[in-house]
Amino acid sequence: MSFYAAGFGGDGHTFLLPPPAQQPLTLVTRQLLQAHRSPPSVMLKFSLSSTQRAVHLMRHRVAAAYSTAAPAQPFNVAIIGSGPAGFYTALRLLERLPVTRVDMFEALPVPFGLSRFGVAPDHPEVKACQDRFTEVAHYPGFNYIGNTEVGRDVALADLKANYHAVILAYGSHKDRLLGIPGENSPGVFSAREFVGWYNGLPEHAELDVPLDMAEDVTIVGNGNVALDVARILLADTSRLKSTDITEHAYEKLKTSKIKRVRIAARRGILQSAFTTKEVRELINEPNVYMNPLKDEYLDQVRPFLPVLERTRKRLVSVLEKNSKLARPEGVEKTWTLDYLISPIEIKASGNGKTLESTTFEVNNLVQPELSSPARAIGSGQHVTFKNELLFRSIGYKSVPLEGLHTGLGVEFDQARGIVPNTDGRVAPGVYAVGWVKTGPTGVIAHTMGESFEVAENLIDDYKQGIVGTEQNRPGFSGIKDKITSRIVGWGDWEKIDAAEKTKGLSEGKPREKFTSVDEMLNVLE
């Protein structure tokens, strides 16, 4: 009997297998290459993790090639949303349950959601997850259906009728509001809009922030997004030129006259929502100075220092250490962390573009012990700060998809901005992952772990016969003729991707993103 060898170097793994009777050697080899997305010339350059994944996929192919049992019917799963939550869920399903067929629906032509449109351009390492998602997209059983908005271009009821399981992974797309007088004044923006604007999200491509008319900015909220906004506003724009920031945002930022940024939070230091890594980056931003923290903020923390967990203790240490530094000569740009204040009124300037000031109520923090919830109680004392612009950064919320109730029989929790669920289980055959499940919390690594857990719950349900037993769930073939949009497949996205990279190359940056759907689709004409 003749044998062939499939080598996946690096750790020396080599497989000697007889070619299946019904499958030519070249086809088997081609499938293996396709699974790993690498030409033969680079097959010996895989990392250990890549090798392990290749081995995993190969085992399934070999088992399928030699199996004499009747093949199990495909387990057809629709995932709505192509951000980290959707892709990590797809990854776990495809690797742990080989009969799974995943169809991923995305409203935009381009994938990756938050990792493309929500990560700051000077954080390319965070976007590295997109390389892993690209590998997932080349797994057998994965199908990308871009430029297709569920609820508009295809009905949720049709997905329910044609898939064994529907996974909601469409994230959070609306802002939580302050609910105070003046919030709708010109000069008030959401951090979500601003981040989308400089990252090329078509929805916010035309956002007009008068950066050239402002010196003082207030950011309400102190999570990582708030610090991203502060850093981008204060950064030397020459540092951003080589990132994937959109060209129109880069040119606009060059006109900025912003000198001072105030980051305001209603509670204390220990309730800060930003990470130590994020605040350290802002502290270390060249030619930018962090104003000293007020002593009262640190005094409230000191009684808890001996019992603080390590990450909180490190955060306090970083803030306290850098709060003692003198302002370098010649540094004009500054930022301030203010705690224990809640905005109560925003006053417009009257010019139709900027603000005059924001008034805050000073809070008292009530927290008898570290394990107790920290409550901010208004003191009745007010303080007013001059600012021409204000960015609201107090969180996002999800909204219900059209047909969520009528098509899936699922209620939406408007108050919390999530789909009610138990460990990701929403209703028979319906699951939720990511921010539509939990609310806007955690970094991408947290999303990965949470998505894996929901995928495991779905796999358990499949193995117990709770889902996947229906015989009339054909998946994409059952709905493709009902989709009203111009479907963008993964191969189409790769053309858009290549065009963006080519455009960026001429400008010395990784890519220049298209900022409209029409631009994206024109690449495919």
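Everything numeric in this text was worked out from a predicted model, so none of it was measured.

K.L.:
Just checking my understanding: could you explain the packing of aromatic side chains for this structure?
P.N.:
Working definition: an aromatic ring pair is given by the centre-to-centre distance plus the angle between the planes. A complete count under the given rule lists 21 aromatic pairs for this structure. Seen in terms of ring centroids, Phe-194 and Trp-197 are 5.4 Å apart; in terms of plane orientation they differ by 25 degrees. Their pairing is stacked. A residue pair is termed a helical-turn pair when its members lie 3 or 4 positions apart in one helix, as Phe-194 and Trp-197 do in helix H7 (residues 191-198) at three residues. Each member of the pair Phe-194 and Trp-197 is classed as buried. Through pairs of rings, three or more aromatic residues link up here, namely Phe-87, Tyr-88, Phe-112, Phe-133, Phe-142, Tyr-144, Phe-452, Trp-490 and Trp-493. Directly above the aromatic system of Phe-452 lies the positively charged group of Arg-92, at a separation of 3.9 Å from the ring centroid. Directly above the aromatic system of Phe-385 lies the positively charged group of Arg-262, at a separation of 3.7 Å from the ring centroid.

K.L.:
Just checking my understanding: could you explain the side chain of Glu-247 for this structure?
P.N.:
Within the secondary structure layout, Glu-247 lies in helix H10 (residues 247-254). Residue classification places Glu-247 among the buried positions, given a relative accessible area of 18%.

K.L.:
Quick question: what am I supposed to make of the sheet that holds strand E18 (residues 425-427) here?
P.N.:
Spatially, six strands are ordered E5-E4-E3-E6-E19-E18 in an open sheet, and the strand pairing comes out mixed. With one partner strand each, in any of the chains shown, strand E5 (142-145) and E18 form the two edges of the open sheet. Between one strand axis and the next, the sheet turns through 25 degrees on average, direction left out of account. With four bridges connecting them, strand E3 (residues 75-80) and strand E6 (residues 165-168) associate as parallel partners. From the neighbouring strand, Val-77 faces E6, where its bridge partner is Ala-165.

Conventions adopted
- Residues numbered from 1 in each chain as written.
- Predicted model: local features only at pLDDT ≥ 70, side-chain atom pairs only at ≥ 80, totals over all residues.
- Heavy atoms only, no water.
- Phe/Tyr/Trp six-rings, centres within 6.5 Å; stacked < 30°, edge-to-face > 60°.
- Helix = DSSP H or I, 4+ residues; strand = E, 2+ residues; numbered from the N terminus.
- Buried < 20%, exposed > 50% of the residue type's maximum accessible area, 1.4 Å probe, protein only.
- Lys NZ or Arg CZ within 6 Å of the ring centre and 35° of its normal.
- Pairing = 2+ DSSP bridges.
- Axes fitted to C-alpha atoms, helices over the stretch in contact; angles between N-to-C directions.

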